[in-house]
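# Chain and residue survey
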There are 2 protein chains.
Amino acid sequence: MASTKPESSQTSPSVDENSSEPLNLSKKQVKKEAQKAERLRKQQEVTAAAAVESAEADPFSGNYGDILTEEIQSKAISGRRWTEIGSLDIELAGSTVLIRGAAQTIRPVSKKMVFLVVRHYVSTVQCVLVINKECVSPQMVKFATGLSKESIIDIEGVVSIPKDPIKGTTQQVEVQVTKLFCVNRAVPNLPINIEDAARSEMEFEKAEQTGEQLVRVGQDTRLNYRVLDMRTPANQATFRIQCHVENIFRRFLLSEGFVGIHTPKLVPGSSEGGAAVFKLDYKGQPACLAQSPQLYKQMAICGGFGRVFEVGSVFRAEDSYTHRHLCEFVGLDVEMEIKEHYFEVCDIVDRLFVAMFDYLNENCKKELDAINRQYPFEPLKYLRKTLRLTFLEGVKMLKEAGVEVDPFGDLNTEAEKKLGQLVREKYDTDFYILYRYPLAVRPFYTMLCYDDPAYSNSFDVFVRGEEIISGAQRIHLPELLTKRAEACGIDVKTISTYIDSFRYGAPPHGGFGVGLERVVMLFCALNNIRKTSLFPRDPQRLVP
Amino acid sequence: MASTKPESSQTSPSVDENSSEPLNLSKKQVKKEAQKAERLRKQQEVTAAAAVESAEADPFSGNYGDILTEEIQSKAISGRRWTEIGSLDIELAGSTVLIRGAAQTIRPVSKKMVFLVVRHYVSTVQCVLVINKECVSPQMVKFATGLSKESIIDIEGVVSIPKDPIKGTTQQVEVQVTKLFCVNRAVPNLPINIEDAARSEMEFEKAEQTGEQLVRVGQDTRLNYRVLDMRTPANQATFRIQCHVENIFRRFLLSEGFVGIHTPKLVPGSSEGGAAVFKLDYKGQPACLAQSPQLYKQMAICGGFGRVFEVGSVFRAEDSYTHRHLCEFVGLDVEMEIKEHYFEVCDIVDRLFVAMFDYLNENCKKELDAINRQYPFEPLKYLRKTLRLTFLEGVKMLKEAGVEVDPFGDLNTEAEKKLGQLVREKYDTDFYILYRYPLAVRPFYTMLCYDDPAYSNSFDVFVRGEEIISGAQRIHLPELLTKRAEACGIDVKTISTYIDSFRYGAPPHGGFGVGLERVVMLFCALNNIRKTSLFPRDPQRLVP
């Protein structure tokens, strides 16, 4: 592998690990830094000829340097074997390995020795570069010291077992570096330091006691530089857990005979009604973005699929700027035929989520620990058989606790939170189903209770006092559906295809919808839904 | 279970199985039919009192009738056990079963006997209703005869083994009906007959020879009444295969260390550039719908996820009205770090799709047969190790076959089709990778070839002569990326966050994107992508 040797590495800003100077940069500054790096790179190219000359003075000049651009343009397949940092362990002691990762920290101990912590995915390993007579020159140590943090590097070295356990890396072996190449340089001053972004509240408290000044990275800054923020252990874990949640959701439903479907997000008119829709022009026709797959998943039931689920984007143009609302999120939706009772839907909710929580607790310990280290939380309490309370039982519990609630209205966020506390105290669970909601607070397609049309065959599901699921039996009788739509002020002409679907023989059915981001947020007791969306969208944020 | 007994069933139009009258109805007619059915239902209610009276004359009046609305409003959980139609087999002979399904056909043999074919999901069973002294009255046979096709019915009966094999049902047992309740009546005249929608070209050819007139249901009519069209065996199979394709895609990638992510569909500015975007107003900011998750999945790679995939909606406002373009489809997207060469991405494509095709052939025989019966097709030919040809090799093959192609341009649909034929003849495969495309025809973020900047580290993958996958190594060097964006006429200010992502240490990477609907269409050699989208969106269709 060819390489240039940047003699001018001393011109790059020195990297001071203990610097407490706030490094959050504006976009202008980032650009400036980028230009600086570019100048540096050009300078390196210009001095390449000189480097070749001085390389003669360094017999190990072939062991380090910046990789030439053409080398990373798929020039050749070398056949070399790469080792994942996560699989570096004592069994490899004595072996020569080739690894690639980000230079998370670069800590020169002297002019003869530098420690590098290299990270890939969630794994980190300590690499040691010491001047020796076999392969490492003083220039090579200088090159390493001059690397900017987060640069992507290739290291060849021998795995060794250190005397003392290594603090601060996931892997408990060291790599004695023999070769070091920089694949891609990061700008010398990053807008966010990963260490800062990864700090827990406890670290800040400790620092306050010792008088140490730490940089606090705000939520907005994190989101502005999301690709850096994503690299923290807690974020790597959060989005891996999100992936698990979706997998368990799918796997469970597939095993129960559900079919995964996809319904359109571009829909005519105004979706299910209401103002909170994003409108657009569709080839001259008024259209909007689906607020949920509701009408379409029901049509799939009318189409004979029996049991369906969908994982897809959901759009809400609401102006809610809260910790739990997004303008775009991932909906986990279920719809199924029922034989007699919408409790058949509740049974699926019950078994699905108990299976999900069990799986996460059993199989995602590493990820949960990573989140816990930065954002400590109590494990979710849930019962083997999920508690079910009627809405009126909930109202009664609240009343007894001094909170008056309209028995024909909805619960507000505060009442929900309070009820969550009361249920926890009484039943020892953070997860329960509240059913038989007042009809007035449910969508037009919700089936009425057989014995009291003021109430409906519907339910919400709560985690830690916050709603994560809404579900119900749906009206499958076209006349009743039309009547209810009209009563709710919906122009039935705009949903005629939907209503007609029930005229061709429609089975009784029900279903529910869940927000993927909310499940992750509430399972891990994170305080902001923006932490569980890779690139969140709220009324004020459309970028990046 | 309570029930009303409609004495007036003779007023519903007689159902003639052999009617060759075209039954495709306009929306107005559907409405009219609906009103007719509604009148009928009301009439039934009015005569309910009379029915009760005459019920006294029918000792078995409790064994049949329309279920009261309240019965299907989750009134009670009876504890009765339901049997799935698909699990009715000879082992159940002699047992009493309770089933629910759609009355697919209602064939009265005499005033004493009626055959019902009941369908649930993709399974059908023949049910026989004969007057007897234990439970079936003449009125009950009349009630059954008067049911409209596709109505949802509950049947209780005893499983029996018929002397001769039953043609036209999936289950090879009969049910001797003892109870029959209608859960939900379909309108008497459906806009599409399922039998018509399910006919193969062969049936039409046969009918032409015998002079029989069959109703042909056009693609547009199918889509207008999609919930009926969906019920054909071929469509039930198609969308189950679509679900399998997605599952295999996910499962394979998860097993290879990929993380499933979700990126926003609401994006600022104009997505990746180009005119074919749906624009909208996002809380006062100009926004559009993502044409692909391209920029965001690359940012996830910059964010340290290493290997990611996404299944999500993709929006293209193109005016293409072809058999293979949709304005909204489901994208299967992959992005991954590469160590040395974008062939690492091709390797994933190769192994993923061979595994997928193997799985479908081995595990979806029933579904493939169902599609084959209506739309006969040759099984896909593919090699254990996928063929890879360079773009220029393709150009040469075409030239030798007399088709001149610009070696620096793109292949048009015809040339692709022709090349597919040539490759099939020469290499005996319908599935191959064409790589090293001219740079000019690839997006700005595509990495240039190290040895010739007129070509790029990119590839397309073809199935039966049509492109289904596009992939490439991406440019991870911010300066080169900026230069290429500018050269392609893109305002780099609008994608500054994306370009900046590569300034913080970005690994070499590549990826690809596939259209879910195209995979299913081409694997099954269907001639129209509208057949593999539940509710397709094209420049002329936004409804249903």
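Residues numbered from 1 in each chain as written. Chains lettered and ligands numbered in written order. Predicted model: local features only at pLDDT ≥ 70, side-chain atom pairs only at ≥ 80, totals over all residues. Heavy atoms only, no water.

## Things to note about the overall build of chain A
- Broken down by element type, chain A carries 16 helices and 18 strands.
- Relative to its full complement of 544 residues, chain A shows a buried share of 61%.
- Within chain A, contacts between residues separated by at least 24 positions form 71% of all contacts whose residues are at least 6 apart in sequence.
- Counting only carbon and sulfur atoms, one obtains 51% of the accessible surface of chain A, whose full area is about 21,700 Å². (Helix = DSSP H or I, 4+ residues; strand = E, 2+ residues; numbered from the N terminus. Buried < 20%, exposed > 50% of the residue type's maximum accessible area, 1.4 Å probe, protein only. Contact = heavy atoms within 4.5 Å. Areas by Shrake-Rupley, 256 points an atom, 1.4 Å probe, with all protein chains shown as cover.)

## Some remarks on the interface of chain A and chain B
- With 122 residues of chain A at the contact, the number on the chain B side is 123 residues.
- Both faces considered, chain A and chain B share a buried interface measuring about 10,200 Å² in area, 59% of it formed by carbon and sulfur atoms.
- Between chain A and chain B we count six salt bridges in total.
- Ionic pairing is found between A:Asp319 and B:Lys283, a salt bridge with its closest N-O pair at 2.9 Å.
- Where chain A meets chain B, there are 62 residue pairs in polar contact (both at pLDDT 80 or more).
- In terms of residue class, the side of chain A that touches chain B is built from 62 nonpolar, 29 polar and 31 charged. (Buried area = accessible area lost by both parts, 1.4 Å probe. Salt bridge = Lys/Arg side-chain N within 4 Å of Asp/Glu carboxyl O. Polar contact = N/O pair within 3.5 Å; in protein donor to acceptor, adjacent residues only side chain to side chain. Nonpolar A, V, L, I, M, F, W, Y, C, P; charged D, E, K, R; others polar.)

## Things to note about the pairing of strand S11 (residues 285-289) of chain A
All names here are of chain A.
- Pairing geometry for strand S9 (residues 266-268) and S11, over three bridges, is antiparallel. Residue Val 267 lies in a different strand from S11, and its bridge partner there is Cys 288.
- Pairing geometry for strand S10 (residues 279-282) and S11, over four bridges, is antiparallel. Bridge assignment links Leu 280 to a residue of S11, and that residue is Ala 287. (Pairing = 2+ DSSP bridges.)

## Notes on the sheet that holds strand S17 (residues 466-473) of chain B
Residue and element names in this part refer to chain B.
- Pairing in this open sheet of eight strands is mixed, and the strands run S8-S12-S13-S18-S17-S16-S15-S14 from one edge to the other. Of all the strands in the sheet, just strand S8 (259-260) and strand S14 (387-390) have a single pairing partner and so form its edges.
- Relative to S17, strand S16 (residues 458-463) runs antiparallel, the two being bridged by six bridges. Bridging across to S17, Asp 460 finds its partner in Ser 470.
- Docked against the sheet, helix H9 (residues 294-302) engages strand S12 (307-315), strand S13 (328-337) and strand S18 (509-515), running at close to 25 degrees with respect to S13. (Axes fitted to C-alpha atoms, helices over the stretch in contact; angles between N-to-C directions.)

## Focus on the confidence of the model for chain A
- Mean pLDDT over chain A works out to 91, with 89% of the residues at or above the 70 mark.
- Between residues 1-24 of chain A, whose pLDDT stays under 50, and residues either more than four places distant or in other chains, the model counts 58 contacts. (pLDDT = per-residue confidence, 0-100.)

## Topic: the packing of aromatic side chains
- In total, this model carries 38 aromatic pairs over all chains according to the counting rule given.
- The interplanar angle of 20 degrees and the centroid separation of 5.4 Å between the aromatic rings of B:Tyr432 and B:Phe462 together place this pair among those described as stacked. Separated by 30 residues along the polypeptide, B:Tyr432 in strand S15 (residues 431-435) and B:Phe462 in strand S16 bring together distant segments of the chain.
- B:Tyr432 sits in the buried class, given a relative accessible area of 2%.
- According to the relative accessible area criterion, B:Phe462 is buried, its value standing at 0%.
- Three or more aromatic residues link up through ring pairs in this structure, and these residues are A:Phe353, A:Phe357, A:Tyr382, A:Phe431 and A:Phe523.
- The ring of A:Tyr437 carries the charged tip of A:Arg442 above its face, separated from the ring centre by 4.6 Å. (Phe/Tyr/Trp six-rings, centres within 6.5 Å; stacked < 30°, edge-to-face > 60°. Lys NZ or Arg CZ within 6 Å of the ring centre and 35° of its normal.)

## Thoughts on the sheet that holds strand S18 (residues 509-515) of chain A
Residue and element names in this part refer to chain A.
- Spatial ordering of the open sheet is given by S8-S12-S13-S18-S17-S16-S15-S14, a layout of eight strands whose pairing is mixed. In the strand order of this sheet, the two ends are held by strand S8 (259-260) and strand S14 (387-390), each with one partner.
- Two elements, strand S12 (residues 307-315) and strand S13 (residues 328-337), share nine bridges in a ladder whose sense is antiparallel. Looking at the pairing, Glu 310 lines up with Asp 333 of S13.

## A closer look at the pattern of salt bridges
Residues and elements named next belong to chain A.
- Taken as a whole, this structure holds 70 salt bridges over all chains when the rule is applied.
- Where Asp 428 meets Lys 381, a salt bridge forms, and the shortest distance between an N and an O atom there is 2.7 Å. Residue Asp 428 is found in the loop between helix H13 (413-427) and strand S15 (431-435), and its partner Lys 381 is found in the loop between helix H11 (365-374) and S14; the two are separated by 47 residues along the sequence.
- Given a relative accessible area of 31%, Lys 381 falls into the partly exposed group.
- Among the ionic pairs, Lys 493 bridges to Asp 491, the shortest N-O distance being 3.8 Å.
- By relative accessible area, Asp 491 is classed as partly exposed at 40%.
- Taken together, the salt bridges that share partners define one network made up of Arg 324, Lys 417, Glu 466, Glu 467 and Arg 518.

## What about the relation of the copies chain A and chain B?
- Turning chain A through 180 degrees and shifting it by 0.0 Å along the axis lays it on chain B, with an RMSD of 0.0 Å. The symmetry that links the two subunits is that of a two-fold axis. Ranked by how close their C-alpha atoms come to the rotation axis, the residues of chain A are headed by A:Leu280, at 2.6 Å.
- Interface overlap between copies: 100% of the residues of chain A at the interface are likewise at the interface in chain B, consistent with a symmetric, same-surface contact. (Least-squares fit on C-alpha atoms with pLDDT ≥ 70 in both.)

## Remarks on the packing of helix H8 (residues 233-255) of chain A against helix H8 (residues 233-255) of chain B
- The interhelical angle for the contact between H8(A) and H8(B), taken along N-to-C directions, is 135 degrees, at an axis separation of 12 Å. The pairing of H8(A) with H8(B) is recorded here as oblique in orientation. Considering only the axes of H8(A) and H8(B), their crossing is left-handed. Residue-level inspection shows A:Cys243, A:Glu246, A:Asn247, A:Arg250 and A:Leu254 of H8(A) in contact with H8(B), the latter providing B:Cys243, B:Glu246, B:Asn247, B:Arg250 and B:Leu254.
- Class assignment of the residues belonging to the contact of H8(A) with H8(B) gives a composition of four nonpolar, two polar and four charged. (Parallel < 35°, antiparallel > 145°, perpendicular 65-115°, else oblique. Left-handed = near helix turned anticlockwise from the far one by under 90°.)

## Some thoughts on unusual backbone geometry
- Residue A:Val543 is joined to A:Pro544 through a cis peptide bond whose omega torsion reads -5 degrees.
- Among the structural elements, A:Pro544 can be located in the segment after helix H16 (516-523).
- For A:Tyr121, which is not glycine, the phi torsion reads 55 degrees and is therefore positive.
- Along the polypeptide, A:Tyr121 turns up in the loop between strand S4 (113-120) and strand S5 (123-130).
- One non-glycine residue, B:Arg436, lies in positive phi territory at about 65 degrees.
- Within the fold, B:Arg436 resides in the loop between S15 and S16.
- Among the residues examined, B:Arg436 registers a relative accessible area of 23% and is labelled partly exposed.

## Some details on the pairing of strand S17 (residues 466-473) of chain A
Residues and elements named next belong to chain A.
- For S17, a buried count of seven out of eight residues is recorded, marking the element as mostly surrounded by other parts of the structure.
- Linking two consecutive strands that pair antiparallel, namely strand S16 (residues 458-463) and S17, is a turn of two residues; a positive phi of about 50 degrees is found at Arg 464 within it.
- Note that S17 and S18 share five bridges and pair antiparallel. Residue Gln 473 lies in a different strand from S18, and its bridge partner there is Gly 510.

## What about the side chain of A:Ser200?
- Relative to the helices and strands, A:Ser200 is located in the loop between helix H4 (194-197) and helix H5 (201-210).
- Among residues more than four places away in sequence, those in contact with A:Ser200 are A:Arg373 and A:Gln374.

## Remarks on the side chain of B:Thr169
Residues and elements named next belong to chain B.
- Among the secondary structure elements, Thr 169 is positioned in the loop between strand S6 (152-160) and strand S7 (174-184).
- A distance of 3.0 Å separates a polar atom in the side chain of Thr 169 from the backbone oxygen of Gln 171.
- Contact partners of Thr 169, with chain neighbours within four places excluded, come to Val 117, Thr 124, Val 125 and Gln 126.

## Thoughts on the packing of H8(A) against H11(A)
Residue and element names in this part refer to chain A.
- Relative to each other, H8 and H11 sit at 135 degrees, their axes nearing to 8 Å. Considered as vectors, H8 and H11 are oriented oblique to each other. You can see that H8 and H11 cross each other, and the crossing is left-handed. Contacts from Pro 233, Ala 234, Ala 237, Thr 238, Arg 240 and Ile 241 in H8 reach Glu 367, Leu 368, Ala 370, Ile 371 and Gln 374 in H11.
- A breakdown of the residues in the contact of H8 with H11 according to their chemical character gives seven nonpolar, two polar and two charged.

## What to know about the environment of B:Tyr64
All names here are of chain B.
- Locating Tyr 64 in the fold gives a position in strand S2 (residues 64-67).
- Judged by its relative accessible area of 1%, Tyr 64 falls in the buried class.
- In this structure the C-alpha to C-alpha distance between Tyr 64 and Val 141, which are 77 residues apart in sequence, comes to 9.5 Å.
- Only 2.4 Å separates the side chain of Tyr 64 from the side chain of Asp 58, close enough to count as a polar contact.

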